Amino acid sequence: MLKQRPYLIETLTAIGLIAAPFVLPLLGFAPNTVNRILVWGLFGLGFDILFGFTGLLSFGQSAFYGTGGFVAAYLLTQAGFPNVLLALVIGMIAAAAAGYLIGLIALRRTGIYFAMITVAIAEVFFFVEFNPLSDWTGGENGLPGVPTPSFNLGFTTLHFDSGWSLYQFLALCYFVGIVIALRIVRSPVGAIFSAIRDNPLRATAVGHNIHAYKLTAFVIAAAYAGFAGGLLGVLQAFMPPDAFTFDTSGQLVMQTAIGGRGTLFGPLVGAAVWLSLQDFLQATLNLGAAWKLVLGIVFVLLVCFLRRGIVGGLVDLYGLLTGKRGAEADTTEAGVSAQDEQRAAEAATAHEPAAVPISSRPHLPGAPSGPILQARGLTKRYGGLLANSDIDFTVNHGELRGIIGPNGAGKSTFFKMLTCEVHPTSGSIVFEGRDITGLSVTDVCQLGLTKSYQVNQLFAGLTVRENLVIAALSGLRGRFRLDLFRSIDGIPGLTERVEHTLELVNLTARPDTPVSELAYGEKRRLEIGLALATSPSLLLLDEPLAGMSPRERVETVRLLKSISQGRTMIIIDHDMDALFELAERVTVLQEGRVLVEGTPDEIKNNSTVQEAYLGGVHGVLAA
Ligand code: ADP
């Protein structure tokens, strides 16, 4: 999330754009090159929101660049449309509409499949432009005669026809583009874009409709592409058919990688490097087509040594020099580090007890009573394996329930069904009087039921506070809201909720620390904090003590005790001493079935449990 002093970036951009015509000629830049850089930079603003901020790599942006470009050019050259700016805006709207329709299809898949669909769709657009629509687009001849803008102010008319004069119009367009893009990435929607990039699974689980947000990013990128496409026609006085080619999409991706993704300015800087190298190598050194070889080497070197591109590298350098946070975490798709996985795996086998004296939980007066959750006949079949079989389970308001059982007993599957991550083969789940069987995990979270994960599912590229903001936003804004231009700081109750959660999980000293720099115990607490920040009325905790050292366990058990005041919680854990101290009732699962249910004392002394759990070593649980 980009957070700076108010309007600092905007002011610096304005100064840079005003200074450029005076400074860049001294560096050998021709006005036409600068203008082309601006068009690519504007094109890249939307692409960076899609790729850099939301993590969706599209190779199909040429489809929208071409759509916007040809719609605007057609209006201006064939339809006798007089107003250049209005034609550009109509082209942008056409591209955004195309983006919406394509996004509906392409976003049904993720990762490489999403990328491949975008390639295929761009190819379809290219074909359609050349063949069925060639009467409108000019086919391989393109559309010549696109006019430049002029504005009649009454007393005089401003013409922006070529060179530095056209630069003024393009610079103004770029400035408006960056101001809008900055507002978007600083809005709640922008924050959720970053969450989707870092960990889509958790963004869904904390209650955001990530499909709708991805579609939003896709449409934004298409709109920027459409407007930039229109400007290409204006810049060249001709709308070229190659705007639609795969090369255009590829060049945009490479320029963004060179300049630095997730920085907004990366595509502009990348375009400057690309186009100036092209001019220098082709025209000055007469390398002809071989210039791409040099460019390829530059690209490989930059990607290898400056993983976040030129702008990202500069931001990191500034961070190092000023002692502020620089490098983003090296995030994995699911936001799970190898260390986290390893410690969670170790936890599955090592069950050290935490000897913590804990007093009993007071029940708050006036709190609702009766069942909050009822599962009936819950069964999950994986092929021939019954992970859960005919489970009846009821938890009352204010209760703290423990679930134990040997590995493979079906505990995690049971939690996944309760939170609707997986749907039962048969049976039903009623939460607060409502049948939630078959709902989505997002809807269930919105209703007030969520869980913390056995293996941390954090937003690894964000800070502790930013993580909690993502979770808190879902409760305050619902599953989807298009508040694109709202400042995240202006959301009533957000700061209070985040601060309160920081206190609950004892992370008040580390709010601005990137997740990658947290100790394992802190990550586990943040994992619980993410669930808590959604303000659940029923909180499920899947092995909250997994992978912790004995000292971390003691601290976390104490923390769980304080969190449980006035809350309804169900905890799975292998640490039976801790669980028997915490829980009022315990359910024992074995081979996917409920073996027995009772108070901790009843469970400790139950011979069936001892038989099942410890292979008949009687008396060990009670010891
Ligand atoms: P626990 O959490 O008690 O260790 P799980 O719920 O993870 O148990 O697993 C219960 C059983 O279901 C195991 O035998 C496991 O291999 C199986 N299982 C869990 N998830 C899947 C899945 N997605 N596909 C197939 N089998 C699964």
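Quick caveat, the model's predicted, so the values are computed rather than measured.

*Asks:* How do you make sense of a nonpolar patch on the surface when you look at a structure like this?
*Replies:* Residues Ile-18, Phe-22, Val-23, Leu-26 and Leu-27 make up a contiguous nonpolar surface patch of roughly 600 Å² in combined accessible area. Tracing the backbone shows Leu-27 in the loop between helix 1 (8-23) and helix 2 (31-53).

*Asks:* How should I be thinking about helix 1 in this particular structure?
*Replies:* Within an α-helix, residues lying three or four positions from one another point in the same direction, as the helix has 3.6 residues per turn. Across its 16 residues, helix 1 extends 21 Å between first and last C-alpha, which sits within 8% of the 22 Å expected from 1.5 Å per residue. At Leu-17, helix 1 is bent by approximately 25°, the largest bend along its length, and proline Pro-21 sits one to four residues beyond. Looking at the buried residues of helix 1, the elements they touch are helix 2 and helix 7 (163-186).

*Asks:* What should I look at first to understand the sheet that holds strand 11 (residues 538-542) in this one?
*Replies:* Backbone-to-backbone hydrogen bonds pair the strands of a sheet. The strands run either parallel or antiparallel. Spatial strand order, 10-11-12-7-13-14: 6 strands in an open sheet with mixed pairing. The open sheet terminates on both sides in strands that have one partner only, identified here as strand 10 (449-452) and strand 14 (593-598). This sheet shows a mean twist of 20° between the axes of neighbouring strands, independent of strand direction. For strand 10 and strand 11, the ladder comprises 4 bridges, and the chain directions are parallel. Across the sheet, the residue bridging to Leu-449 is Leu-538, located in strand 11. Taken strand by strand, helix 20 (residues 520-532) contacts strand 10 and strand 11, and its axis lies near 175° from that of strand 10.

*Asks:* Got a minute to help me understand the sheet that holds strand 9 (residues 434-435) in this structure?
*Replies:* What the 4 strands build is an open sheet, ordered 6-5-8-9; its pairing is antiparallel. At either margin of the open sheet sits one strand with a lone partner, and together these are strand 6 (385-396) and strand 9. Both strand 8 (residues 426-431) and strand 9 contribute to a ladder of 2 bridges, which runs antiparallel. Within strand 9, the residue paired with Phe-431 across the bridge is Arg-434. With respect to the sheet, helix 16 (residues 411-418) is in contact with strand 5 (371-382), strand 6 and strand 8, its orientation differing from that of strand 5 by roughly 120°.

*Asks:* Before we go on, may I ask you to explain helix 5 (residues 111-130) in this structure?
*Replies:* Taking 1.5 Å of rise per residue, 20 residues should cover 28 Å, and helix 5 covers 29 Å from first to last C-alpha, within 8% of that figure. Buried-residue contacts for helix 5 involve helix 3 (61-77), helix 4 (84-106), helix 6 (134-137), helix 10 (210-236) and helix 11 (246-259).

*Asks:* It is not clear to me how the packing of helix 2 against helix 11 should be interpreted in this structure. Could you clarify?
*Replies:* A pair of packed helices is captured by two measures, namely the crossing angle of their axes and the spacing between those axes. One way to put it is that helix 2 packs onto helix 11 with a least axis distance of 10 Å and a crossing angle of 75°. Judged by the inter-axis angle, helix 2 sits roughly perpendicular to helix 11. Where helix 2 abuts helix 11, its residues Trp-40, Phe-43, Gly-44, Phe-47, Asp-48 and Phe-51 lie against Thr-248, Gln-251, Leu-252, Val-253, Gln-255 and Thr-256.

*Asks:* Please explain unusual backbone geometry as it appears in this structure.
*Replies:* As a rule of thumb, non-glycine residues mostly have phi less than zero, and peptide bonds are mostly trans rather than cis. Phi at Asn-506 is positive, roughly 55°, even though this residue is not glycine. Mapped onto the fold, Asn-506 is located in the loop between helix 19 (494-504) and helix 20.

*Asks:* I'm lost on the UniProt feature "transmembrane region" (unreviewed entry) in the protein in this one. Help?
*Replies:* UniProt annotation of "transmembrane region" (unreviewed entry) refers to residues 7-31, 37-56, 87-107, 112-128, 166-185, 215-238, 258-277 and 289-310 when read in the numbering used here. The span residues 7-31 shows a helical share of 68% and a strand share of 0%, and its end C-alpha atoms are spaced 28 Å apart. The span residues 87-107 shows a helical share of 95% and a strand share of 0%, and its end C-alpha atoms are spaced 29 Å apart.

*Asks:* Please explain the pattern of salt bridges as it appears in this structure.
*Replies:* It is possible for side chains bearing opposite charge to pair when their charged atoms get close. Enumeration over the complete set of coordinates arrives at 17 salt bridges. One salt bridge in this structure joins Glu-10 and Arg-186, with 2.9 Å as the shortest N-O distance. Here the residue Glu-10 occupies a position in helix 1, and Arg-186 occupies one in helix 7, the gap between them amounting to 176 residues. Between Asp-316 and Arg-308 there is a salt bridge, and its shortest N-O distance comes to 2.8 Å.

*Asks:* Explain the pairing of strand 5 here, please?
*Replies:* Across 8 bridges, strand 5 lies against strand 6 in antiparallel orientation. Each residue of the ladder has a partner; that of Lys-380, found in strand 6, is Asn-388.

*Asks:* Quick question: what am I supposed to make of the side chain of Thr-263 here?
*Replies:* Relative to the helices and strands, Thr-263 is located in the loop between helix 11 and helix 12 (266-284). A polar contact of 2.6 Å, which involves the side chain of Thr-263, links it to the backbone oxygen of Gly-260. Here Gly-266 takes part through its backbone nitrogen, which lies 2.9 Å from a polar atom of the side chain of Thr-263. Once residues within four sequence positions are removed from consideration, Thr-263 is found in contact with Asp-48, Phe-53, Val-311 and Gly-312.

*Asks:* What am I meant to see in the site of the ligand here?
*Replies:* Around the ligand, the surrounding shell consists of Tyr-382, Leu-385, Ala-387, Pro-406, Asn-407, Gly-408, Ala-409, Gly-410, Lys-411, Ser-412 and Thr-413. Lys-411 has a polar side-chain atom sitting 2.8 Å from an oxygen atom of the ligand. Between an oxygen atom of the ligand and a main-chain N or O atom of Ser-412, the distance comes to 2.9 Å. Against a free-state accessible area of 560 Å², the protein chains account for coverage of 60% of the ligand. Secondary structure elements with two or more residues in the shell around the ligand: strand 6 and helix 16. Of all the elements, helix 16 adds the most residues to the shell around the ligand, at 3 residues.

*Asks:* Help me understand the layout of surface pockets in this model?
*Replies:* Over the atoms, a rolled probe matching the size of one water molecule traces out where space is still vacant. Taken as a whole, the second largest pocket spans an internal volume of roughly 520 Å³. Around the second largest pocket sit 21 residues that line it, and Trp-40, Asp-242, Asp-247, Thr-248 and Gln-251 are the ones nearest its centre. Mapped onto the lining of the second largest pocket, the elements with two or more residues apiece are helix 2, helix 10, helix 11, helix 12 and helix 13 (291-305). Looking at the lining of the second largest pocket element by element, the count peaks at 5 residues for helix 11. Tallied by class, residues from the lining of the second largest pocket come to 11 nonpolar, 6 polar and 4 charged.

Cut-offs used in this document
- Residues numbered from 1 in each chain as written.
- Predicted model: local features only at pLDDT ≥ 70, side-chain atom pairs only at ≥ 80, totals over all residues.
- Heavy atoms only, no water.
- Patch = residues over 30% accessible without salt bridge, like charges linked within 9 Å, V, L, I, M, F, W, Y side chains within 5 Å.
- Areas by Shrake-Rupley, 256 points an atom, 1.4 Å probe, with all protein chains shown as cover.
- Salt bridge = Lys/Arg side-chain N within 4 Å of Asp/Glu carboxyl O.
- Helix = DSSP H or I, 4+ residues; strand = E, 2+ residues; numbered from the N terminus.
- Expected span 1.5 Å × (residues − 1).
- Bend = angle between axes of the 7 residues up to and from the residue.
- Contact = heavy atoms within 4.5 Å.
- Pairing = 2+ DSSP bridges.
- Axes fitted to C-alpha atoms, helices over the stretch in contact; angles between N-to-C directions.
- Parallel < 35°, antiparallel > 145°, perpendicular 65-115°, else oblique.
- UniProt positions renumbered as here; feature names shortened; annotations may be inferred.
- Polar contact = N/O pair within 3.5 Å; in protein donor to acceptor, adjacent residues only side chain to side chain.
- Near = heavy atom within 4 Å.
- 1 Å grid on protein atoms, 1.4 Å probe; cavity = no way out; pocket = protein on both sides within 12 Å on 5 of 7 lines; lining within 4 Å.
- Points joined across faces, edges and corners; volume = space filled by probe spheres on them.
- Nonpolar A, V, L, I, M, F, W, Y, C, P; charged D, E, K, R; others polar.

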